[in-house]
Amino acid sequence: MTETENSLRPARLSARDLTLAYEDRTVVDGLDVDIPDGAVTVIVGPNACGKSTLLRALGRLLKPARGSVLLDGTELARIPTRTIARSLGLLPQSPVAPEAITVADLVSRGRQPHQHWWQQWSDADERAVTEAMTRTDTAALAERSVDELSGGQRQRVWIAMALAQETDLLLLDEPTTYLDISHQVEVLDLCRRLNHERGRTVVAVLHDLNQAARYADHLIAMKSGRIVAQGAPSDIVTADLVRDVFGLESVVVPDPVTGSPLVVAGPPWSLTG
Ligand SMILES: Nc1ncnc2c1ncn2[C@@H]1O[C@H](COP(=O)(O)OP(=O)(O)OP(=O)(O)O)[C@@H](O)[C@H]1O
Ligand SMILES: [Mg+2]
């Protein structure tokens, strides 16, 4: 463990002996994980290795077949849904919007866990929605129907809804999907700012290893439902890891700008010429 790893705060969200299955197909078997509090954790791994399944279980969208997910030491299954929703927000990989809903209405739904029967809508709700839409560059879309948006616009609206929920823990499954390169960087910078400025704990699934290495404090590499390696990106990202996890030859060099590991996919160039 490095100094950075040691300085990570203990987990509020963790899983013990977690087994996740769809009917009789087990996807994750006996997994233990601690999500460092107040840090950005990124999960990487090949398609179908169980990243979304794990994230959905951490967000209580999927019930464990065995074992448990703990939030502040209590099993998620024992915490009222509304209490969880005030602490933990989850953006699934393929969320489905209610038909013909407008952007402003969808983002506002992120405030539901904060509303009460005696007060449907408060100034705090208004502020949270406005800020979430500003931060995701979606304010201009407010009156549009979500059905009619481009893939990238829709993705940013979903992120806005998750932000409007204003939870300490934010789980994002491939938040950069569909986004052009500048919006990808904006979303990742936003995750980092939420973490730095507000101490939010962010867990994101990403496919771009270099973005993962650049933005993660803590990186989790998964393969076939297991955690193969975890730690600070500079400690764990090596050509061996990339080969083990993705079956891909690569060269890993320090990123000239950030110093984080930069994975250049393909065989070592010196051997191909
Ligand atoms: N609703 C479901 N019913 C049955 N099997 C499922 C379901 N969702 C996922 N699976 C299976 O569980 C395994 C893990 O899927 P999961 O979606 O967690 O993968 P992933 O790592 O997120 O992949 P990707 O990078 O493609 O998003 C896959 O074999 C998948 O086919
Ligand atoms: Mg997935």
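Since we're looking at a predicted model, the values are computed, not measured.

**Focus: the overall build of the protein**
Consideration 1: Within the protein one finds 11 helices and 12 strands.
Consideration 2: A compact globule built from 273 residues would reach a C-alpha radius of gyration of about 19 Å, and the protein, at 19 Å, matches this within 12%.
Consideration 3: In terms of its C-alpha atoms, the protein occupies a principal-axis envelope of roughly 65 × 40 × 40 Å.
Consideration 4: Taken over 273 residues, the protein has a buried fraction of 39%.
Consideration 5: For the protein, restricting intrachain contacts to residue pairs at least 6 apart in sequence, the fraction spanning at least 24 positions comes to 65%.

**Let's talk about the sheet that holds strand 5 (residues 74-75)**
Consideration 1: Pairing is antiparallel in the open sheet, where four strands are placed in the order 2-1-4-5. The sheet is open, and its two edges are formed by strand 2 (25-37) and strand 5, each paired on a single side.
Consideration 2: Against the sheet, helix 2 (residues 51-58) makes contact with strand 1 (9-22), strand 2 and strand 4 (66-71), and its axis sits at roughly 120° relative to strand 1, the strand it touches most.

**A closer look at the site of ligand 1**
Consideration 1: Around ligand 1, the surrounding shell consists of Tyr22, Arg25, Val27, Gly45, Asn47, Ala48, Cys49, Gly50, Lys51, Ser52, Thr53 and Gln93.
Consideration 2: Sort the elements by how many residues they give to the shell around ligand 1 and helix 2 lands first, with three residues.
Consideration 3: Partitioning the shell around ligand 1 into residue classes produces four nonpolar, six polar and two charged.

**A few points about the pairing of strand 12 (residues 261-265)**
Consideration 1: As paired strands, strand 11 (residues 250-254) and strand 12 are joined by five bridges and run antiparallel to one another. Within strand 12, the residue paired with valine 253 across the bridge is leucine 262.
Consideration 2: Linking two consecutive strands that pair antiparallel, namely strand 11 and strand 12, is a turn of six residues; a positive phi of about 80° is found at glycine 259 within it.

**Observations concerning the sheet that holds strand 6 (residues 88-91)**
Consideration 1: Ordered by their spatial adjacency, six strands build an open sheet running 6-7-8-3-9-10, and the pairing between neighbours is mixed. A strand with exactly one partner marks an edge of an open sheet, and here the two such strands are strand 6 and strand 10 (226-231). Strand-to-strand, the axes of this sheet are offset by a mean angle of 15°, without reference to chain direction.
Consideration 2: Of the strand pairs in this sheet, strand 7 (residues 169-173) and strand 8 (residues 201-205) are connected by five bridges, and their pairing is parallel. Bridging across to strand 8, leucine 170 finds its partner in valine 202.
Consideration 3: Running at roughly 160° to strand 8, helix 7 (residues 181-198) makes contact with strand 3 (40-44) and strand 8 of the sheet.

**As for helix 10 (residues 239-246)**
Because the α-helix completes a turn every 3.6 residues, residues three or four places apart line up on one side.
Consideration 1: Listed as buried for helix 10 are Leu241, Val242 and Val245. The buried residues of helix 10 all sit within an arc of 100° when viewed along its axis, so they share a single face. Along helix 10, the residues that are exposed and aim more than 90 degrees away from the buried face are Asp240 and Arg243.
Consideration 2: Residues of helix 10 that are buried sit in contact with strand 9 (218-223), strand 10, helix 9 (233-236), strand 11 and strand 12.

**Brief notes about the UniProt feature "domain: ABC transporter" (unreviewed entry) in the protein**
Consideration 1: In the numbering used here, UniProt assigns the "domain: ABC transporter" (unreviewed entry) feature to residues 13-249.
Consideration 2: For residues 13-249, the helix share is 36%, the strand share is 26%, and the end-to-end C-alpha distance is 34 Å.

**Notes on the nonpolar core**
Consideration 1: Counting residues in hydrophobic clusters, the biggest one holds 70 residues, and the most contacted among them are Val42, Val107, Val157, Ala160, Leu171 and Ala212.
Consideration 2: Looking at this core, the element that brings in the most residues is helix 6 (residues 151-164), giving eight residues.
Consideration 3: Not counting chain neighbours up to four residues away, the residues in contact with valine 157 comprise Val103, Leu106, Val107, Thr138, Leu141, Val146 and Leu149.

**Things to note about helix 2**
Consideration 1: Taken across its eight residues, helix 2 has six buried, putting it largely inside the fold.
Consideration 2: Within two residues after helix 2, arginine 60 carries a phi angle of roughly 60°, on the positive side.

**Remarks on the environment of threonine 134**
Consideration 1: Relative to the assigned elements, threonine 134 resides in helix 5 (residues 123-135).
Consideration 2: Residues threonine 134 and alanine 160, spaced 26 residues apart in sequence, show a C-alpha to C-alpha distance of 8.6 Å.

**Details of unusual backbone geometry**
Consideration 1: Notably, glutamate 23 is not glycine yet its phi reads approximately 50°, a positive angle.
Consideration 2: Relative to the helices and strands, glutamate 23 is located in the loop between strand 1 and strand 2.
Consideration 3: Look at glutamate 23 and you get exposed, because 6 C-beta atoms sit within 10 Å.
Consideration 4: You will see that serine 224, though not glycine, has its phi angle at about 45°, which is positive.
Consideration 5: Of note, serine 224 is situated in the loop between strand 9 and strand 10.
Consideration 6: The class for serine 224 is partly exposed, based on 14 C-beta atoms found within 10 Å.

Rules behind the numbers
Residues numbered from 1 in each chain as written. Chains lettered and ligands numbered in written order. Predicted model: local features only at pLDDT ≥ 70, side-chain atom pairs only at ≥ 80, totals over all residues. Helix = DSSP H or I, 4+ residues; strand = E, 2+ residues; numbered from the N terminus. Rg over C-alpha atoms; globule rule 2.2 N^0.38 Å. Buried ≥ 20, exposed ≤ 12 C-beta atoms within 10 Å, placed from the backbone. Contact = placed C-beta atoms within 7 Å. Pairing = 2+ DSSP bridges. Axes fitted to C-alpha atoms, helices over the stretch in contact; angles between N-to-C directions. Near = placed C-beta within 6 Å. Nonpolar A, V, L, I, M, F, W, Y, C, P; charged D, E, K, R; others polar. Arc of directions from axis to C-beta. UniProt positions renumbered as here; feature names shortened; annotations may be inferred. Core = buried A, V, L, I, M, F, W, Y, C linked by C-beta atoms within 7 Å.

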